[in-house]
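Examination of the molecular architecture
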Amino acid sequence: MRIAFLLTVLGGAIFYTYIAFTDLGFMTRTGRLGPGFFPRVVGLGIVVFTLWALFDALRDARLSAQGAAVTGPGDAHSTGRWRDAATLMGLAVGYGILLPIFGGFVATVIYMLIALSIINSGKHLLNVILAIVIPAGVYLLFDRILNASMPPAMFDIIPF
Amino acid sequence: MDLFANLLMGLELAINPINIAYLLVGSMVGMIVGVIPGFGPSAGLAILLPITIGMDPVGATMMLAAIYYGSMYGGTITSILLNTPGESATVASTFDGYPMAKAGRAGPALVMQAVASFVGGTVGVIMITLLAPAFAQVSRSFGPPEYFLLAAMGMLTLVVMIGNHWKLGVISALIGFALGTVGVDLETGQGRYTFGSPDLIGGIYFIPIAIGLFGLGELFYAFYSGMHKSESGGLIDYSKEKEFWPNRNDFLSTRWTMVRGSILGFVVGVMPGAGATIASLMAYSTERSLSKTPENFGKGEMAGLVAPESANNAASSGAMIPLLTLGIPGSASTAVLLAAFIMWGLRPGPLFMGQNPELAWGLIASMYLGNVALLAISIFAIPLFVQIIKVPYRILGPVIVVICTLGTFVVHASFVEVGLMFAAGIAGFFMRLYGFSPAALVLALVLGPLAEQALRQTLTISRGSFGIFLDRPASVWIMVVTAALLLILPIMGKIGSRAGKAERAGG
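Residues numbered from 1 in each chain as written. Chains lettered and ligands numbered in written order. Predicted model: local features only at pLDDT ≥ 70, side-chain atom pairs only at ≥ 80, totals over all residues. Heavy atoms only, no water.

Here we take up the overall build of chain B. A tally of regular secondary structure across chain B gives 22 helices and 2 strands. Relative to its length of 507 residues, chain B is compact, with a C-alpha radius of gyration of 22 Å against a globular reference of 23 Å. The dimensions of chain B, computed from C-alpha atoms along their principal axes, are 70 × 50 × 50 Å. Residues classed as buried in chain B amount to 63% of the 507 residues present. Sequence separation of at least 24 residues holds for 80% of the intrachain contacts in chain B that already meet a minimum separation of 6. Working note: accessible area of chain B is about 18000 Å², and carbon and sulfur atoms make up 66% of it. Each charge class in chain B can be summarised by its mean position, and for the 25 positive and 24 negative side chains these summaries are 9 Å apart. (Helix = DSSP H or I, 4+ residues; strand = E, 2+ residues; numbered from the N terminus. Rg over C-alpha atoms; globule rule 2.2 N^0.38 Å. Buried < 20%, exposed > 50% of the residue type's maximum accessible area, 1.4 Å probe, protein only. Contact = heavy atoms within 4.5 Å. Areas by Shrake-Rupley, 256 points an atom, 1.4 Å probe, with all protein chains shown as cover. Lys, Arg positive; Asp, Glu negative; His and termini not counted. Charge placed at Lys NZ, Arg CZ, Asp CG, Glu CD.)

See below:
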């Protein structure tokens, strides 16, 4: 996964640098440094350092693969850890999708209900209470006390 | 005499019911943020920054500063009662704080950490009062070359402190610089990396990135680490102890420890990149080497708790000096504070104290009051914080997602920024997992546009010659100081981490 992450960074860096060299001028017509000067330096820097880090990661991976051949398969515990983090990421992104559809308050209630029933499973009463009390508190804080409007709904279910 | 007049003016401004209320709320929230393991001041500040939108800048600044230094107070409570530091700057407090609590002296440990934090914080503010005007005076002659060098100093010192993963730190910083180039180029008016999107013309806003990296990224990592599965079991119940208050000997034996820790912490805090964690570990190491009974350290020695506590609070005050007088944040937390200032249309730097005396001195005066408030809160509200420690992460997690998401939305009412925040959160998780530095990215995102503008102005002035950096005495001095810091900081980091490793091995 580390190598995949570094490859993603490298891909982004190459794209960034390509734009810097093709779309942005190094100098302006008046002879001053242009909008492409800084991005070119930064982009090349990311590419060089990411390649270097990638080389290190590949070397480490080869060494650990040799170690794993001696010690046996890796830990199953890490799969569970990935699952927990990925679940929360999925729930968070789902909340982001619900927000423009149902608006701040309703989307928060739905999200809290789903999230708590998965993460804090078995405690139904507590989860329902929290799924109502927390969005209400957040609504009061942002919408009423701070006068900062909550996300509007595509479909208005409740009148406020 | 100007100093006292300015301080009095600041106090007059700070002592009004609304500002005091903001200060108390900030102190309380800061302590709560500090109590939650895995969430430090930068996460707290980033998540709560949107709440200050619409507030009066003076009150908002006071509140955010109180969250910043309040989190240092709160982080120690879990170090003492649970052997789990609320944040990295309170790791050293577990070495002797937890053994004291296990030995039935949790009450005195909690009170003494509050007193030490108060002394450290107050000494730090006194030093700011005395030194900030002098720093501002010196830096008044600075021009674009010096600003570029200061930004470079801020970045280099942070990256050098990353240690073994410095290459990943450099990549993180460069990604931050790259994100900072998105938007319209101010000199030519040409769009850069906007891809025709009107949402990107103004650039990538700092708040969604900071909330994503520090708020969601840390939260995802906490879940990956399995923190949501652990209960607060092992929490020491201090209420059953016979003595809550420290005895006379506790105060007398540690009075000079507090002074030494405060001064050392402040000096380390002023240096960009060093920060409260290094300060606390160095203070612990120093105190043990000065002690007549070093063998008692790690077994519940009061000086072993007091030294890092006074140092980390003094360091957080010290870090305000380069922020206020040079406009250069030395850490992720102060980068978030700088972004807050910019959000309110203010620009910390050499002219800041002269042009905004009310705000600058109001903030400094509020830090005196904030430390007094935090001393009281951190002693008398301990039962409340113990209840907060008991709230499991599996309930806190979804709540933090809600606050991060809605907090991002309310700034510009933009769903694009909410999307950016989620992307930054997922990227932040992987960065944390693989040894990248979210702090370097955020610092570079804040400093990048300033550094680019300063560099282009410098090279315009010099007609493209880099020799200008050697022609100006101020520039040469900054380069000398940067070189010295690049040599000193890794040594300080090694001293600190050696003290930490030795204690963990011993404990």
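Now that the structure has been shown, we can carry on.
The next subject is the overall build of chain A. The number of helices and strands found in chain A is 4 helices and 0 strands. When the helices and strands of chain A are placed in sequence order, the string is α-α-α-α. Within chain A, counting contacts between residues at least 6 apart in sequence, those at least 24 apart form 51% of the total. Accessible surface, chain A: about 9000 Å² in total, of which carbon and sulfur atoms supply 71%.

Residues and elements named next belong to chain A. A grouping of Leu 113, Ile 114, Ile 118, Val 128 and Ile 132 is seen on the molecular surface, where their side chains present a nonpolar patch of about 410 Å² in accessible area. Elements represented by at least two residues in the nonpolar patch include exactly α3 (77-119) and α4 (124-145). Note on placement: Ile 118 falls in helix α3. (Patch = residues over 30% accessible without salt bridge, like charges linked within 9 Å, V, L, I, M, F, W, Y side chains within 5 Å. Salt bridge = Lys/Arg side-chain N within 4 Å of Asp/Glu carboxyl O.)

Attention now moves to the packing of helix α5 (residues 92-102) of chain B against helix α12 (residues 302-318) of chain B. Packed helices, taken two at a time, are described by their axes: the angle between them and the distance between them. Residue and element names in this part refer to chain B. For the pair α5 and α12, the least separation of the axes is 8 Å and the interaxial angle reads 145°. As α5 runs across α12, the sense of the crossing is left-handed. Touching Ala 92, Ser 93, Asp 96, Gly 97 and Met 100 of α5 are Met 302, Gly 304, Leu 305, Pro 308 and Glu 309, all from α12. Across the contact of α5 with α12, the residue classes tally to 5 nonpolar, 3 polar and 2 charged. (Axes fitted to C-alpha atoms, helices over the stretch in contact; angles between N-to-C directions. Left-handed = near helix turned anticlockwise from the far one by under 90°. Nonpolar A, V, L, I, M, F, W, Y, C, P; charged D, E, K, R; others polar.)

Moving on to the confidence of the model for chain A. Put simply, chain A has an average pLDDT of 87, and 88% of its residues get 70 or more. Per-element confidence in chain A is highest for helix α1 (residues 2-22) of chain A, whose mean pLDDT is 95, and lowest for helix α2 (residues 37-71) of chain A, whose mean pLDDT is 88. (pLDDT = per-residue confidence, 0-100.)

Right, let's get into the nonpolar core. The nonpolar side chains of a soluble globular protein tend to be buried, and buried together. Counting 221 residues, the largest nonpolar core has A:Ile46, B:Leu81, B:Ile171, B:Phe206 and B:Leu219 as its most contacted members. For this core, the element with the most residues is helix α4 (residues 57-82) of chain B, which contributes 16 residues. Each of domain 1 (2-71) and domain 2 (77-145) of chain A contributes no fewer than three residues to this core. Non-local contacts of B:Phe206, meaning those with residues more than four positions away in its chain, are made with B:Ala335, B:Val336, B:Ala339, B:Val442, B:Leu445 and B:Val446. Membership of the second largest hydrophobic core comes to 7 residues, among which are B:Val91, B:Phe95, B:Tyr284 and B:Ala303. (Core = buried A, V, L, I, M, F, W, Y, C linked by side-chain atoms within 4.5 Å. Domains from an automatic or database assignment.)

Listed as interface residues are 52 residues of chain B and, on the opposing side, 59 residues of chain A. Between chain B and chain A, a total of about 5200 Å² is buried, with carbon and sulfur atoms accounting for 80% of that surface. Between the two partners, chain B and chain A, sit 1 salt bridge. Between A:Asp56 and B:Lys167 there is a salt bridge whose closest N-O contact spans 2.4 Å. Listed by contribution, the elements that provide at least two residues to the side of chain B that touches chain A are α8 (166-180), β2 (191-192), α9 (206-224), α18 (393-412), α19 (415-433) and α20 (438-461) of chain B. The leading source of residues in the side of chain B that touches chain A is α18(B), at 11 residues. (Buried area = accessible area lost by both parts, 1.4 Å probe.)

Looking now at the UniProt feature "transmembrane region" (unreviewed entry) in chain A. Per the UniProt annotation, the sites labelled "transmembrane region" (unreviewed entry) are residues 38-55, 91-119 and 125-142 of chain A. With 100% helix and 0% strand, residues 38-55 of chain A has its two end C-alpha atoms placed 26 Å apart. (UniProt positions renumbered as here; feature names shortened; annotations may be inferred.)

Residue and element names in this part refer to chain B. Where burial is concerned, most of α5 is hidden: 10 out of the 11 residues are buried. Restricting attention to buried positions, one finds in α5 the residues Ala 92, Ser 93, Thr 94, Phe 95, Asp 96, Gly 97, Tyr 98, Pro 99, Met 100 and Ala 101. The positive-phi residue at the C-terminal boundary of α5 is Gly 104, with phi of around 90°.

What follows covers the packing of aromatic side chains. Evaluated as defined, the whole model comprises 27 aromatic pairs over all chains. The rings of A:Phe5, A:Trp82, B:Tyr221, B:Tyr224, B:Phe429, B:Phe430, B:Tyr434 and B:Phe436 are connected pair by pair, giving a single aromatic cluster. (Phe/Tyr/Trp six-rings, centres within 6.5 Å; stacked < 30°, edge-to-face > 60°.)

One pass over the full model with this rule turns up 12 salt bridges over all chains. Measuring nitrogen to oxygen at the nearest pair gives 3.8 Å for the salt bridge that ties A:Arg59 to A:Asp56. One end of the pair, A:Arg59, and the other, A:Asp56, are both in helix α2, 3 residues apart, so they sit about a helical turn from each other. Between A:Arg59 and A:Asp60 there is a salt bridge whose closest N-O contact spans 4.0 Å. What emerges from the salt-bridge pattern is a single network uniting A:Arg2, A:Asp56, A:Arg59, A:Asp60 and B:Lys167.

Okay, empty space enclosed by the protein next. Residues and elements named next belong to chain B. Under the counting rule described, the total for this entry stands at 1 cavity of 30 Å³ or more. The volume enclosed by the largest cavity comes to roughly 40 Å³. If you go around the largest cavity, you meet 11 residues; those closest to its centre are Gly 269, Met 271, Gly 273, Ala 319 and Gly 330. Considered class by class, the residues forming the lining of the largest cavity number 6 nonpolar, 5 polar and no charged. (1 Å grid on protein atoms, 1.4 Å probe; cavity = no way out; pocket = protein on both sides within 12 Å on 5 of 7 lines; lining within 4 Å. Points joined across faces, edges and corners; volume = space filled by probe spheres on them.)

Next up on the list: unusual backbone geometry. Residue and element names in this part refer to chain B. The phi dihedral of Phe 195 is positive, around 50°, even though this residue is not glycine. Mapped onto the fold, Phe 195 is located in the loop between β2 and α9. Classification of Phe 195 as exposed rests on a relative accessible area of 56%. Phi is positive for Arg 463, close to 55°, though the residue is something other than glycine. Mapped onto the secondary structure, Arg 463 falls in the loop between α20 and α21 (468-471).

Another aspect to go through is the side chain of A:Thr28. Relative to the assigned elements, A:Thr28 resides in the loop between α1 and α2. When sequence neighbours within four positions are dropped, the list of residues in contact with A:Thr28 reads A:Leu33, A:Gly34 and B:Thr188.

Turning our eyes to something else, we now look at α8(B). Look at α8(B): 21 Å from first C-alpha to last across 15 residues, which is about the 21 Å you get at 1.5 Å a residue. With 13 of its 15 residues buried, α8(B) lies for the most part within the structure. (Expected span 1.5 Å × (residues − 1).)

With that out of the way, let us pick up the environment of B:Leu23. All names here are of chain B. Position of Leu 23 among the secondary structure elements: in helix α2 (residues 17-35). For the pair Leu 23 and Thr 482, spaced 459 residues apart in sequence, the C-alpha separation works out to 35 Å. Setting aside anything within four residues of it in sequence, one finds Leu 23 in contact with Met 62, Ala 66, Tyr 69, Ser 366, Leu 369 and Gly 370.

What follows concerns the packing of helix α3 (residues 41-48) of chain B against α9(B). All names here are of chain B. One can describe the packing of α3 onto α9 by two numbers: an axis separation of 8 Å at closest approach and a directional angle of 135°. In terms of orientation, α3 lies oblique with respect to α9. For the pair α3 and α9, the sense of crossing is left-handed. Facing α3, whose interface residues are Ser 42, Ala 43, Ala 46 and Ile 47, α9 presents Ala 210, Ile 211, Phe 214 and Gly 215. Per-class residue counts for the contact of α3 with α9 are 6 nonpolar, 2 polar and no charged. (Parallel < 35°, antiparallel > 145°, perpendicular 65-115°, else oblique.)

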